[in-house]
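So the chains spell out like this:
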Amino acid sequence: MSGRAPKSLAELRKRVGAVRLRGADAARARQMLDLYLDTAERHGQSLDVVLREVKAGLPALRIGGAELQGQAASEPVRTAACAPGCAFCCILAGDEGAVILEAEARHLHAALAPLAGAPDGRAWSSRACPALDPDTRMCRAYDARPMICRTYLSPDSEACRSIAEGVPAPGPVTLGAQRLYLTVQALGRAALAGHVTVPTYALSRIAAAAVEGRDLSAALREARHKPRTLDDERARLAPPHA
Ligand code: SF4
Ligand code: SF4
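Per an unreviewed UniProt entry, the recorded name for the chain is Zinc-or iron-chelating domain-containing protein, and the organism is Roseivivax sediminis.

This is how it looks when you write it as structure tokens:
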């Protein structure tokens, strides 16, 4: 991919069309991102604004969010045991937690910064997300919670408890909207390679930095992933035999 900056939205669309990306949802993600860029072009949006949106992950969030709405009546949603205060899924693996995009990192930090210094989820469980309230086990950044928190659900909370204790158990699923959103971001990143850096961030680290009183710049610096993390996460969520 050329390191030269795209000079127009039409050129950016062409680049998106030329990206080679594997995965079952790559064609659909490309179609949706192209539609997003086409709409921006027809509304006379400037290239700079759209480049900033792609970097932050806004197209991925809007496309993934629309997909999530479309899955609202799906079997996993209808049979989910998820309820307020049930938070085994907020006990996160390692110190990374999950992959989030820049816009999500900014929202999460803004929601949690005013709570700096208050007891956080780690007072309940050492690996719990710092956004969690340790007493009520409710998310203290519910409206700003990232896509992964909206797409992960389970028909059985005991399976989630078992997984949180390190014992694999069947049941929990991540809705396809999560993979689509990651794929849209991967496409945008590949189309801008060499020109605009499109990073991802670790959910737990952003939340920890916010509740420990560090500012947004420090949080983004601490939580920034290695470039391959996005591809690794897409691969992890790929359906079998894809
Ligand atoms: S995913 Fe599991 S732990 Fe999380 S709310 Fe649903 S049932 Fe509870
Ligand atoms: S942001 Fe909220 S919902 Fe997501 S893992 Fe943290 S506490 Fe749980």
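Student: Sorry if this is basic, but what is going on with helix H4 (residues 58-70) here?
Tutor: Compared with an ideal rise of 1.5 Å per residue, which puts 13 residues at 18 Å, H4 spans 18 Å between its outermost C-alpha atoms and is within 8% of the ideal. Looking only at H4, the buried set comprises Pro59, Ala60, Ile63, Gly64, Glu67 and Leu68. Along the axis of H4, the buried residues cluster in a sector spanning 160°; they form a single face. Of the surrounding elements, those touching the buried residues of H4 are helix H2 (26-42), helix H3 (47-56), strand S1 (99-101), helix H7 (147-151) and helix H9 (176-191).

Student: Help me out: how do you make sense of the site of ligand 1 in this one?
Tutor: Near ligand 1, the surroundings consist of Cys82, Cys86, Phe88, Cys89, Tyr152, Leu153, Ser154, Ser157 and Cys160. Elements with a contribution of two residues or more to the shell around ligand 1: strand S2 (152-153) and helix H8 (157-164). Partitioning the shell around ligand 1 into residue classes produces 7 nonpolar, 2 polar and no charged.

Student: Would you take a moment to explain unusual backbone geometry for this structure?
Tutor: Backbone geometry follows two general trends: most residues other than glycine have a negative phi, and most peptide bonds adopt the trans configuration. If you check the backbone angles, Arg137 has positive phi at about 55° while not being a glycine. Summarising the element assignment, Arg137 is placed in the loop between helix H6 (102-112) and H7.

Student: Explain the site of ligand 2 to me, please; I cannot follow it from the model alone.
Tutor: Taken together, the residues surrounding ligand 2 are Cys90, Cys129, Ala131, Leu132, Cys139, Pro146 and Cys149. The residue inventory of the shell around ligand 2, partitioned by class, reads 7 nonpolar, no polar and no charged.

Student: I'm lost on the environment of Glu158 in this one. Help?
Tutor: Looking at the secondary structure, you find Glu158 in helix H8. Along the primary structure Glu158 and Leu108 are separated by 50 residues, whereas in three dimensions their C-alpha atoms are 28 Å apart. A polar contact is formed between the side chain of Glu158 and the side chain of Arg161, at a distance of 3.1 Å.

Student: I'm lost on the packing of aromatic side chains in this one. Help?
Tutor: The description of an aromatic ring pair uses the distance of the two centres, along with the angle that the planes make with each other. Evaluated as defined, the whole model comprises 1 aromatic pair. Relative to Trp124, the ring of Phe88 lies with its centre 6.4 Å away and its plane at 45°, an arrangement referred to as tilted. Note that Phe88 is positioned in the loop between helix H5 (75-78) and S1 and Trp124 in the loop between H6 and H7, a separation of 36 residues in sequence. Relative accessible area serves as the criterion here: at 17%, Phe88 is assigned to the buried category. Of note, Arg145 hangs over the ring of Tyr142, and the distance from its end group to the ring centre comes to 3.7 Å.

Student: Please explain helix H11 (residues 216-223) as it appears in this structure.
Tutor: Among the residues of H11, Ala218, Ala219, Leu220 and Ala223 are the ones counted as buried. On the buried face of H11, the contacting elements are H6, strand S4 (200-202) and helix H10 (203-211). The residue sitting at the N-terminus of H11 and contributing the capping side-chain oxygen is Asp215; that oxygen lies 3.3 Å from the backbone nitrogen of Ser217.

Student: Hey, could you run me through the nonpolar core in this one?
Tutor: Counting 36 residues, the largest nonpolar core has Leu12, Leu37, Val50 and Leu192 as the members making the most contacts within it. Among the elements of the structure, helix H1 (9-18), H2, H3, H4, S1, H9 and helix H12 (229-237) are those that each provide at least two residues to this core. At 8 residues, the largest contribution of residues to this core is made by H9. Dropping the residues within four chain positions of it, Leu192 is found in contact with Pro6, Leu12, Leu51, Val54 and Val198.

Student: Help me out: how do you make sense of the pattern of salt bridges in this one?
Tutor: Once the charged atoms of two side chains with opposite charge are near each other, the side chains can pair. Under the defined criterion, the tally for this structure stands at 19 salt bridges. Across the salt bridge formed by Asp231 and Arg189, the nearest N and O atoms sit 3.5 Å from each other. Of the two residues, Asp231 is situated in helix H12 and Arg189 in helix H9; the sequence distance between them amounts to 42 residues. Two residues, Arg228 and Asp232, come together in a salt bridge whose shortest N-O distance is 2.8 Å. With relative accessibility at 35%, the residue Asp232 sits in the partly exposed group. Among the ionic contacts, a cluster of salt bridges with common partners joins Arg13, Asp34, Asp38, Glu41 and Arg42.

Student: Would you mind going over the packing of H1 against H2 with me for this structure?
Tutor: A pair of packed helices is captured by two measures, namely the crossing angle of their axes and the spacing between those axes. Packing of H1 against H2 leaves a shortest axis separation of 10 Å and a crossing angle of 175°. If you check the angle between H1 and H2, you find them roughly antiparallel. Every residue of H2 that contacts H1 at Leu9, Ala10, Leu12, Arg13, Val16, Gly17 and Ala18 is listed here: Arg30, Leu33, Asp34, Leu37, Asp38, Ala40 and Glu41.

Cut-offs used in this document
Residues numbered from 1 in each chain as written. Chains lettered and ligands numbered in written order. Predicted model: local features only at pLDDT ≥ 70, side-chain atom pairs only at ≥ 80, totals over all residues. Heavy atoms only, no water. Helix = DSSP H or I, 4+ residues; strand = E, 2+ residues; numbered from the N terminus. Expected span 1.5 Å × (residues − 1). Buried < 20%, exposed > 50% of the residue type's maximum accessible area, 1.4 Å probe, protein only. Arc of directions from axis to C-beta. Contact = heavy atoms within 4.5 Å. Near = heavy atom within 4 Å. Nonpolar A, V, L, I, M, F, W, Y, C, P; charged D, E, K, R; others polar. Polar contact = N/O pair within 3.5 Å; in protein donor to acceptor, adjacent residues only side chain to side chain. Phe/Tyr/Trp six-rings, centres within 6.5 Å; stacked < 30°, edge-to-face > 60°. Lys NZ or Arg CZ within 6 Å of the ring centre and 35° of its normal. Core = buried A, V, L, I, M, F, W, Y, C linked by side-chain atoms within 4.5 Å. Salt bridge = Lys/Arg side-chain N within 4 Å of Asp/Glu carboxyl O. Axes fitted to C-alpha atoms, helices over the stretch in contact; angles between N-to-C directions. Parallel < 35°, antiparallel > 145°, perpendicular 65-115°, else oblique.

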